[in-house]
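Listed below are the residues making up each chain.
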Amino acid sequence: MTTNTPPTSGVQLIEVAPELAGQRIDNFLITALKGVPKTLVYRILRKGEVRVNKGRVKPEYKIQAGDIVRVPPVRLPERDEPAPVAQGLLQRLEAAIVYEDKALIVMNKPAGIAVHGGSGLSFGVIEALRQLRPDAKELELVHRLDRDTSGLLMIAKKRSMLRHLHAALRGDGVDKRYMALVRGHWPTSKKQVNAPLLKSNLRSGERMVEVNEEGKEALTLFRVLRRFGDFATIVEARPITGRTHQIRVHTLHAGHMIAGDSKYGDEDFSREIRELGGKRLFLHAYALTVPLPDGGELKLEAPVDEVWAKTVERLSAP
């Protein structure tokens, strides 16, 4: 009886030849494990499954002549086997980068992708970027976006930039603006929501946020961008404080829930938007202004995705 299961290599012990000394362990493995996706090489390194002289090593470790490298069993791809899904995600995220210099990456994060792994997810934006930029050893998220929120996300490539931007975020140096499609007719006179937010964890482990006097101060400025009769409004939201789920809870508090928000939204409104093809959370970080360490200023805007654009087109149709 034959099976179509792809072959798996056994444990390998490889002695490093003198001519390979000084090479990074990740590059050494990519060459030694021909045909194995790079994503898998970085995964076994990150999990500590690769041992050098019986000890764990980081991807930047430089091998020495005589080192004994233990490689765990890995699944070998069959000839003509399609590239793993992760590779497609890497390409999608590479294409989403809107700005990059030696110290900073800014990406127009797609909706539905978490910023980091955890809670049942094996990867997120930061893990993917560490594979895309293996030489950038200090990659760290500057701030976060909810998994279902799209838009501009900053990732520092250097600790000095991370410290600079964290200081700017603590003050009023960073200007972040979001677009949200909300239920009903948002009044032009409603220019802000100033309501304290309290975080709590449900028994299921899910995190919820509510307006509560015992919570932390939270302020969001709002401006009407576009109306669709009394049915819906696109508002610009500018969070002055940076609380978890701030915009989503402040729009709920104002009585104008965001379309597609399964946690704080209005199911009937979200269903009507879904019927127009809008299967996503309609919250997008579209504009960003940040001070740079050299005294300059970086200003970026990110377009909405096709789902958002086509849904708005259908909303506008007579």
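Everything numeric here is computed off the predicted structure, so don't read it as measured data.

Draft legend 1. Region of interest: the packing of helix 1 (residues 25–32) against helix 2 (residues 38–46). Between helix 1 and helix 2, whose axes approach to 10 Å, the crossing angle comes to 130°. Comparing their axes, helix 2 and helix 1 come out oblique. For the pair helix 1 and helix 2, the sense of crossing is right-handed. Contacts between helix 1 and helix 2 involve Ile25, Asp26, Leu29 and Ile30 from the first element and Lys38, Val41, Tyr42 and Leu45 from the second. By residue class, the composition of the contact of helix 1 with helix 2 is six nonpolar, no polar and two charged.

Draft legend 2. Main features of the pattern of salt bridges. The final tally for this structure, using the stated rule, is 17 salt bridges. In this structure, arginine 133 and glutamate 94 form a salt bridge, with 2.7 Å as the shortest nitrogen-oxygen distance. Placement of arginine 133 in the loop between helix 4 (125–132) and strand 7 (140–141) and of glutamate 94 in helix 3 (residues 85–96) is noted, with a sequence separation of 39 residues between them. Relative accessible area serves as the criterion here: at 33%, glutamate 94 is assigned to the partly exposed category.

Draft legend 3. Representation of the environment of arginine 24 within the structure. Checked against the element boundaries, arginine 24 lands in the loop between strand 1 (12–15) and helix 1. C-alpha of arginine 24 to C-alpha of glycine 55: the two residues are 31 residues apart in sequence and 16 Å apart in space. At 2.7 Å, the side chain of arginine 24 and the side chain of aspartate 26 are in polar contact.

Draft legend 4. Fine view of the packing of aromatic side chains. Within the structure shown, the criterion is met by three aromatic pairs. For the pair tryptophan 186 and phenylalanine 222, a centre-to-centre distance of 4.6 Å together with 40° between the ring planes defines the contact as tilted. Here the residue tryptophan 186 occupies a position in the loop between strand 9 (175–183) and strand 10 (192–194), and phenylalanine 222 occupies one in strand 13 (residues 219–228), the gap between them amounting to 36 residues. Classification of tryptophan 186 by relative accessible area gives buried; the value is 0%. Taking relative accessible area as the criterion, phenylalanine 222 reaches 6% and is therefore assigned buried. Between the aromatic rings of phenylalanine 282 and tryptophan 308, the centroid separation amounts to 5.0 Å while the plane-to-plane angle is 45°, which identifies the pairing as tilted.

Draft legend 5. Structural view of the domain arrangement of the protein chain. For the protein chain, the assigned domains read domain 1 (12–71), domain 2 (80–171) and domain 3 (172–317). A separation of 45 Å is found between the C-alpha centroids of domain 1 and domain 3.

Draft legend 6. Just the sheet that holds strand 4 (residues 68–71), in detail. In space, the four strands of this open sheet follow the order 1-4-2-3, with antiparallel pairing throughout. Either end of the sheet is taken by a strand with one partner, and the two such strands are strand 1 and strand 3 (55–56). Sheet topology places strand 2 (residues 51–52) next to strand 4; two bridges connect them, and they run antiparallel. Across the sheet, valine 52 pairs through a bridge with valine 69, a residue of strand 4. On the sheet, helix 1 packs against strand 1, strand 2 and strand 4 and is oriented at approximately 60° with respect to strand 4.

Draft legend 7. Highlighting the UniProt feature "active site" (unreviewed entry) in the protein chain. Per the UniProt record, "active site" (unreviewed entry) is found at Asp146. Residue position: aspartate 146 is located in the loop between strand 7 and strand 8 (150–156). Residue aspartate 146 is classed as partly exposed on the basis of its relative accessible area of 25%. Once residues lying within four places of it in the same chain are set aside, the contact partners of aspartate 146 are Lys109, His245 and Arg248.

Draft legend 8. Representation of the pairing of strand 13 within the structure. Where strand 10 lies against strand 13, three bridges are found, and the strand directions are antiparallel. By the bridge assignment, valine 193 is partnered in strand 13 with threonine 220. Where strand 13 and strand 14 (residues 232–239) come together, eight bridges link them in antiparallel fashion. Paired with leucine 221 across the two strands is arginine 238, which belongs to strand 14.

Draft legend 9. Broad picture of the nonpolar core. Leu93, Val125, Leu129, Ile155, Leu181 and Ile258 are the most contacted members of the largest nonpolar core, which totals 48 residues. In terms of domain composition, this core takes at least three residues from each of domain 2 (80–171) and domain 3 (172–317). Apart from the residues lying within four places of it in its own chain, the contact partners of isoleucine 258 are Ala180, Leu181, Val182, Ile247, Arg248, Thr251, Gly265, Phe269, Ser270, Leu281, Phe282 and Leu283. Of all hydrophobic cores here, the second largest spans 18 residues; its members include Met154, Met161, Leu288 and Val290.

Draft legend 10. Region of the structure containing the side chain of serine 150. Take serine 150: it is sitting in strand 8. The class of serine 150 is buried, set by a relative accessible area of 3%. Polar contacts involving the side chain of serine 150 include one to the side chain of arginine 280, which spans 2.7 Å. For serine 150, the contacting residues outside a window of four places in its chain are Lys109, Pro110, Ala111, Leu145, Arg280, Leu283, His284 and Ala285.

Conventions and cut-offs
Residues numbered from 1 in each chain as written. Predicted model: local features only at pLDDT ≥ 70, side-chain atom pairs only at ≥ 80, totals over all residues. Heavy atoms only, no water. Axes fitted to C-alpha atoms, helices over the stretch in contact; angles between N-to-C directions. Helix = DSSP H or I, 4+ residues; strand = E, 2+ residues; numbered from the N terminus. Parallel < 35°, antiparallel > 145°, perpendicular 65-115°, else oblique. Left-handed = near helix turned anticlockwise from the far one by under 90°. Contact = heavy atoms within 4.5 Å. Nonpolar A, V, L, I, M, F, W, Y, C, P; charged D, E, K, R; others polar. Salt bridge = Lys/Arg side-chain N within 4 Å of Asp/Glu carboxyl O. Buried < 20%, exposed > 50% of the residue type's maximum accessible area, 1.4 Å probe, protein only. Polar contact = N/O pair within 3.5 Å; in protein donor to acceptor, adjacent residues only side chain to side chain. Phe/Tyr/Trp six-rings, centres within 6.5 Å; stacked < 30°, edge-to-face > 60°. Domains from an automatic or database assignment. Pairing = 2+ DSSP bridges. UniProt positions renumbered as here; feature names shortened; annotations may be inferred. Core = buried A, V, L, I, M, F, W, Y, C linked by side-chain atoms within 4.5 Å.

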